[in-house]
Each structure stands twice: as structure tokens, then as C-alpha cells.
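# Overview (structure and organization)
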Amino acid sequence: MKEIVIISGKGGTGKTSIIAAFASLAENKVLCDADVDAADLHLITKPEIKEQYDFESGHTAIINQDKCSECDLCRDLCKWNAISEDFVVNAIECEGCGVCCYFCPEKAIDFPLNTCGEWYLSETRFGPMAHARLHLAEENSGKLVALIRQQGRKLAEERHINLLLTDGPPGIGCPVIASLGGATAVLIVSEPTVSGRHDMERVVKLAAFFKIPAMVCVNKFDLNLDQGKAIETFAREKNIGVIGRVPFDPAFTRAMVQGKTIVEFDSQSEGCKAVKNIWKNLKQRLEI
Amino acid sequence: MIISIASGKGGTGKTTVATNLAVSLKSDVQLLDCDVEEPNSHLFIQPVIEEVKTITIPVPEVDMEKCSLCGKCGEICQFKAIVVIGDTVLPFHELCHSCGGCMEVCPEKAIIETGRELGVIEKGHRNGLEFVHGRLRVGEAMSPPLIKKVREYTQPGILTIIDAPPGTSCPVIASMTGADFVLLVTEPTPFGLHDLKLAVGAVKILGIPCGLVINRSDIGNDQVKVYAAQEDIPVLMEIPFDRCIAEAYSRGKMIVEVMPEWEEKFAKLYHQIKEIVFSNNHG
């Protein structure tokens, strides 16, 4: 089984548009949306949800006012100042460490498991898809990312499919780290701007830190040729495969507005030709 | 006053709005870049950095001379960050949330504090604008504790502009909590709208007034405006797609540097926000 995870460091470089195009191009694959915080791939793939599950992870303290003797110990121990003067826990600030609950002399603090999202197994016109939705203002996104990738892998095994295409989150923190472990390779979608380059360099370091092979492509390449070339030079210096350039093409936005991949929307567009070329290079490199 | 600039979707123009707003105002302003995973504001502000501080959080180390292997530390830890295995205790620093539970519960006082590096905070200035940002160490998973450290630089009495990370989970909440206003930057596309709705949901949980900046306002469709009208969220600024702006951005230039007439628009944006915050506090 091979898994390609698409990441970018910087948000909005075109990860989802490109993976949606791959969904059109790849023959047998399972799609996985690991950007659980602000998932968008489903807006193009329009999944028909077959199975839905709650994602339970972490705990939140709740003080039972009837039992509380207002001794203040919990407030002293809480490193997050999550307990108010009148002994009410702010669920958003509560880290779920359980220290207050453990030490409360009155046993007045409950510590229930949180439901912090849902995850789905679906069918799409491109094949099976595993996706999820983290509830607003929730924690544990890394755990949900790990779970959804595991479910994607399971779906692929059941259907004898040996390719998993995973849309990753932006950044370099917890959800991104969770999207890397065990991946065959990451494809970094960058953009030729000072921000795109800065963020790409950090995400390259992250992939190296976790020893995941990386490849890079530059989207909207013609926006700034110097920056685009600088990204490619940096990548080559780090022994990272440069697998293509995508021109700035308004067809991507028009395709998105219609809920289509660029391949479905206009297979003759410059953007589509460029993505097809990247997919060809990717297939060759990873022997898909 | 604290204005937090957020978006849900990445790449919609948070940093563009935060930096242009910060340099367009004549009053005392500080800019805190809380997108510590991928901070970008400094690329545009080009501050003179005068202070670099390494930030650590406390994690446990066990003095095995004192340890009686009672296992209480492993029992209290919700994050599996300390485990008794055979005749030793293994702390897993990268999993530790620094709750202090293991130290508190240890009957032998065998657990002492050491530090895990979260990253650095850099502080500097440009033309009277104070600039602070955090840079998460590559490989570090937890950004909220570093974001909170950046926010400790907030100076009461002046305007604090926060450049928040994308998304809707804990790092974003850490960048919006306690703000007087959240300015949401979006783009008029299905992805932009979808993630905007999530961001509005998060802002509502926190009970903070918000307004919109629609960036690249002439691409996509009109659904963001329809949504804004339905939800009664004011559209405070529209920035059209302009190749000149996009190219300037790609070189690390702010809009006001290539189109000085925008300075007035950003100043007006601030005044609109001030009015909303004022009427909210007194209405």
C-alpha cells in the first residue's frame, strides 16, 4: 500500500484543488481528507456517507456544585486557569489533564470523555473516501488525523486498493505531524511568494525530521518566476524531487465554484495539463 | 484594544490584512504574529529584531534514587507521557502537556522539572510599530502554549493586532480568546465560504463581535456576501484580485507600499472596527 500525503506549510496554496485533480486521474485509490479542522475536499467529491461515527477523545472536568466545599485546591492546581472563582470549569480552557479531579478532597469533579468530532466512510464518484469533522474549538485534531488515515488504509485493504491519497492540513504542528507517520511520501504544494517559500522550507525540515521522502511542486508558478525558481533550487539542494510547475489558472477557481475537479471542468486548460504532468511524474517516482 | 485576524481557510490574506492595517495607523500599535507554525508577518514588516528568547515548558525528569516505583505518576497522567516500565520510569517529553500532575502526586518528591523547547519568540520594531512573533520548533507538535507566551507581550492601552493561524481548533482559539474583535478574512469561493462558516461558529462560541474582509473579491461567486447578509456580519472591506497586489505580495511587499492610497482604506477599516467595539461595549 502506498500513501501520498499532500501538505504545504502555508495554507491556500492549492493542496485540495490538486488532490481533487489526482482523484480524477488516479485509477484505483482511496481518498482521505486529513485536514479535519477545515476540511474542503468533500465540497468537490460530494461524498455519499455510508457510515458515520463519533470521535471521542480527551476529557473535560465538570465540578458538581452540590459536593464542592470551595476549598480552592483545584484552582491552585490548574495550570490553565480554567476554573472560575465560583468554581465553574471553562470547557474551552480545560486541557483535560484531570489533576483537579484526582486531588479533589470531596470527589466533586466529574471527568467525562468528550465527543469532539465525527468521522465518515463514504462513496464518491472517484471511489471510497474517509473523512472527518472536528467540532469547533476542539483539541485532539492530531488523534483524529491519525484515526482517519488508519480508516482510509483499512478501506483500501478491504477493497484491495493499494493507493491512498491524503489531503493534509496546513502548518507544521500536531495535525501535520499526525499526517506524516508511515506515509510513503509527501507532496509539498508551494507557491512562488516569500511566504510560500518560507513555509515550504519549514515543512521540508519537518518531513526530514520524521524521515518521510518529500517532493515539491510550485503552484501559480508564473506569479513570480524568481521565487518559484528559488523554491526549486532549495528543494534540489535538499535532495527533494521537483515534480512540476502549475501556472496561475483561473480555471481552478471556476472548477471549484462548480464543484468539479479541474480535469472534469476543463481538461484542455493549462492548469489541467500541468497537473496531469505532475501526476505522471509522481506515478513514475513512486512506481504506482 | 485587541483585534484578532483569523480566517478558517488558509491563504485567504490574514497576513496581508494584519500587516497593512498595522502600518497604516498613526496610533501606537503592536503586531503579534500568533501563526507560530508558519509565521509570515515578519517577511513584510521586516522588523529590526532586538530580543530573541527561547521558550520552554516544564516536563518531568525522575530521580531514580528517590523513586519507589509506586506508579502513581503513570496513573495520573492523561497523556501517557510518563510510564513505569520494570524498574525504571520513562518520561515521554514530547507527549507532556505540563499539567504538573506527576510532580504533585509523587509521594517521594522524586520528580523534578526540566524543560522542553517549544520554539523562540522574537521581538522587534519598525517605524514605531512593535513586532512580536513566535516560531515553533520544527518537530514540536503543540503550538497553543507558544501562542499564549506570544500573547503575554500584549500591552494594555494600545492597539494589539493578532495574526492568527488558519483552522478552527485550539491554536486558533488561543489566538482569539480575549480579543475585542475578530476580523475574518475570506475569499468568495466555495472553500472560502465553507471555512468561513466554521470560523464564524468558533467566534460565536467565544462571544466576540466579528466582521469580514473579502479578499480577491471579484473571483468566485457572491455566496459569501449572501451568507454575510443572512448572518448580519458586516463586510468591512473588499480587496479585488489585482495582479499588481499579488505580485507585490510575492516579493514581500505590502499593498500600502505599492498603492499608498490603500493606507486610508485600512485606517477607515480600523475606525469602523472601533465603532463596532465601542457600541458593543456601551450598547
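Residues numbered from 1 in each chain as written. Chains lettered and ligands numbered in written order. Predicted model: local features only at pLDDT ≥ 70, side-chain atom pairs only at ≥ 80, totals over all residues.

## Brief notes about the overall build of chain B
- Each helix and strand counted, chain B has 11 helices and 11 strands in total.
- Viewed in the frame of its principal axes, chain B has a C-alpha envelope of about 70 × 40 × 40 Å.
- Expressed as a percentage of its 283 residues, the buried residues of chain B come to 49%.
- Contacts in chain B between residues far apart in sequence, at least 24 positions, make up 74% of those at least 6 positions apart. (Helix = DSSP H or I, 4+ residues; strand = E, 2+ residues; numbered from the N terminus. Buried ≥ 20, exposed ≤ 12 C-beta atoms within 10 Å, placed from the backbone. Contact = placed C-beta atoms within 7 Å.)

## Topic: the overall build of chain A
- For chain A, the helix and strand inventory stands at 11 helices and 11 strands.
- Taken along the three principal axes of its C-alpha coordinates, chain A extends 70 × 40 × 35 Å.

## Quick notes on the interface of chain A and chain B
- Taken residue by residue, the interface counts 49 residues in chain A and 51 residues in chain B.
- Those elements that place two or more of their residues in the side of chain A that touches chain B are helix H4 (99-103), helix H5 (141-158), helix H6 (174-180), helix H7 (194-209) and helix H9 (251-257) of chain A.
- The element that contributes the greatest number of residues to the side of chain A that touches chain B is H7 of chain A, accounting for 8 residues.
- For the side of chain A that touches chain B, a count of residues per class yields 21 nonpolar, 18 polar and 10 charged. (Nonpolar A, V, L, I, M, F, W, Y, C, P; charged D, E, K, R; others polar.)

## Comments concerning unusual backbone geometry
- For Asp72 of chain A, which is not a glycine, the phi torsion comes out positive at approximately 80 degrees.
- Take Asp72 of chain A: it is sitting in the loop between strand E4 (62-63) and helix H3 (73-77).

## What about the sheet that holds strand E10 (residues 214-218) of chain A?
All names here are of chain A.
- Across the sheet, which stays open at both edges, the 9 strands sit in the order E3-E6-E7-E2-E8-E1-E9-E10-E11 with mixed pairing between neighbours. Strand pairing shows two members of the sheet lacking a second neighbour, strand E3 (48-59) and strand E11 (241-245), which therefore form its edges. Averaged over all pairs of adjacent strands, the angle between strand axes in this sheet comes to 20 degrees, irrespective of strand direction.
- Summarising the sheet, E3 and strand E6 (residues 113-124) pair through 9 bridges and their orientation is antiparallel. What sits directly across from His59, in E6, is Leu113.
- Where helix H1 (residues 15-25) meets the sheet, it contacts strand E1 (2-7), strand E2 (30-33), strand E8 (163-167) and strand E9 (185-190), and its direction lies at approximately 160 degrees from that of E8. (Pairing = 2+ DSSP bridges. Axes fitted to C-alpha atoms, helices over the stretch in contact; angles between N-to-C directions.)

## Comments concerning the sheet that holds strand E8 (residues 159-163) of chain B
Residues and elements named next belong to chain B.
- With mixed pairing, the 9 strands of this open sheet are ordered in space as E3-E6-E7-E2-E8-E1-E9-E10-E11. Either end of the sheet is taken by a strand with one partner, and the two such strands are strand E3 (48-62) and strand E11 (235-239). Ignoring which end each strand starts from, the neighbouring axes of this sheet average 20 degrees apart.
- Across 4 bridges, strand E2 (residues 29-33) lies against strand E7 (residues 129-136) in parallel orientation. Across the sheet, the residue bridging to Leu32 is Val132, located in E7.
- Across the sheet, helix H1 (residues 14-24) touches strand E1 (2-6), E2, E7, E8, strand E9 (181-186) and strand E10 (210-215), and the angle it forms with E8 is around 160 degrees.
- Across the face of the sheet, helix H11 (residues 262-282) comes into contact with E1, E9, E10 and E11 while running at roughly 165 degrees to E11.

## Regarding the domain arrangement of chain B
- As far as domains go, chain B holds domain 1 (2-55 + 118-282) and domain 2 (64-109).
- Each of domain 1 of chain B and domain 2 of chain B has a C-alpha centre, and the two are 40 Å apart. (Domains from an automatic or database assignment.)

## Here's the deal with the pairing of E1 of chain B
Residues and elements named next belong to chain B.
- Here E1 lies mainly inside the structure; 5 of its 5 residues are buried.
- Side-chain alternation along E1 places Ile2, Ser4 and Ala6 on one buried face and Ile3 and Ile5 on a second face that is also buried.
- As paired strands, E1 and E8 are joined by 4 bridges and run parallel to one another. Residue pairing in the sheet places Ser4 in a bridge with Ile162 of E8.
- Sheet analysis places E1 next to E9, joined by 4 bridges and oriented parallel. For Ile3, the partnering residue across the bridge sits in E9 and is Phe181.

## Focus on the nonpolar core
- Among the nonpolar cores identified, the biggest contains 147 residues, and Ile148, Leu165 and Ile188 of chain A together with Ile5, Ile161, Leu183 and Leu184 of chain B are the most heavily contacted of them.
- The element that contributes the greatest number of residues to this core is helix H7 (residues 190-206) of chain B, accounting for 8 residues.
- Dropping the residues within four chain positions of it, Leu183 of chain B is found in contact with Ile3, Ile5, Val17, Gly211, Val213 and Ile273 of chain B.
- Within the second largest apolar cluster, 29 residues are counted, among which are Cys94 and Cys97 of chain A together with Cys96 and Cys106 of chain B. (Core = buried A, V, L, I, M, F, W, Y, C linked by C-beta atoms within 7 Å.)

## Examining the domain arrangement of chain A
- According to the domain assignment, chain A consists of domain 1 (2-56 + 117-286) and domain 2 (61-111).
- Taking the mean C-alpha position of each, domain 1 of chain A and domain 2 of chain A sit 41 Å from one another.

## Overview of the environment of Ile276 of chain B
Residue and element names in this part refer to chain B.
- Considering the arrangement of structural elements, one finds Ile276 in helix H11.
- Sequence separation of Ile276 and Leu136 is 140 residues, and the distance between their C-alpha atoms is 34 Å.
- Those residues within four positions of Ile276 in sequence are excluded, and the remaining contacts are Phe181, Pro209 and Gly211.

## With respect to the pairing of strand E4 (residues 82-85) of chain B
All names here are of chain B.
- Pairing geometry for E4 and strand E5 (residues 88-91), over 4 bridges, is antiparallel. What sits directly across from Ile85, in E5, is Thr88.
- Here E4 folds back onto E5 in antiparallel fashion, the turn holding 2 residues, of which Gly86 has a positive phi close to 60 degrees.

## Some thoughts on the confidence of the model for chain B
- Residue-level pLDDT values for chain B average 96, and 100% of them are 70 or greater.
- Across the assembled chains, the prediction reports ipTM 0.95 with pTM 0.96. (pLDDT = per-residue confidence, 0-100.)

## Things to note about the packing of H7 of chain A against helix H8 (residues 225-237) of chain A
All names here are of chain A.
- The interhelical angle for the contact between H7 and H8, taken along N-to-C directions, is 10 degrees, at an axis separation of 9 Å. Classified by the angle their axes make, H7 and H8 are roughly parallel. The residues of H8 that touch H7, namely those facing Val194, Arg197, Met200 and Glu201, are Gln227, Ala230, Ile231 and Phe234.
- Across the contact of H7 with H8, the residue classes break down as 5 nonpolar, 1 polar and 2 charged. (Parallel < 35°, antiparallel > 145°, perpendicular 65-115°, else oblique.)

## Considerations on H1 of chain A
- In terms of residue burial, H1 of chain A counts as a mostly covered element, since 11 of its 11 residues are buried.
- For H1 of chain A, the full list of buried residues reads Lys15, Thr16, Ser17, Ile18, Ile19, Ala20, Ala21, Phe22, Ala23, Ser24 and Leu25 of chain A.

## Section: the packing of H7 of chain B against helix H8 (residues 223-231) of chain B
Residues and elements named next belong to chain B.
- One can describe the packing of H7 onto H8 by two numbers: an axis separation of 10 Å at closest approach and a directional angle of 25 degrees. Taken together, the axes of H7 and H8 lie roughly parallel to each other. In this structure, H7 crosses over H8, and the sense of that crossing is right-handed. Of the residues in H8, those in contact with Gly192, Leu193, Leu196 and Val200 of H7 are Gln223, Val224, Tyr227 and Glu231.
- A per-class count over the contact of H7 with H8 returns 5 nonpolar, 2 polar and 1 charged. (Left-handed = near helix turned anticlockwise from the far one by under 90°.)

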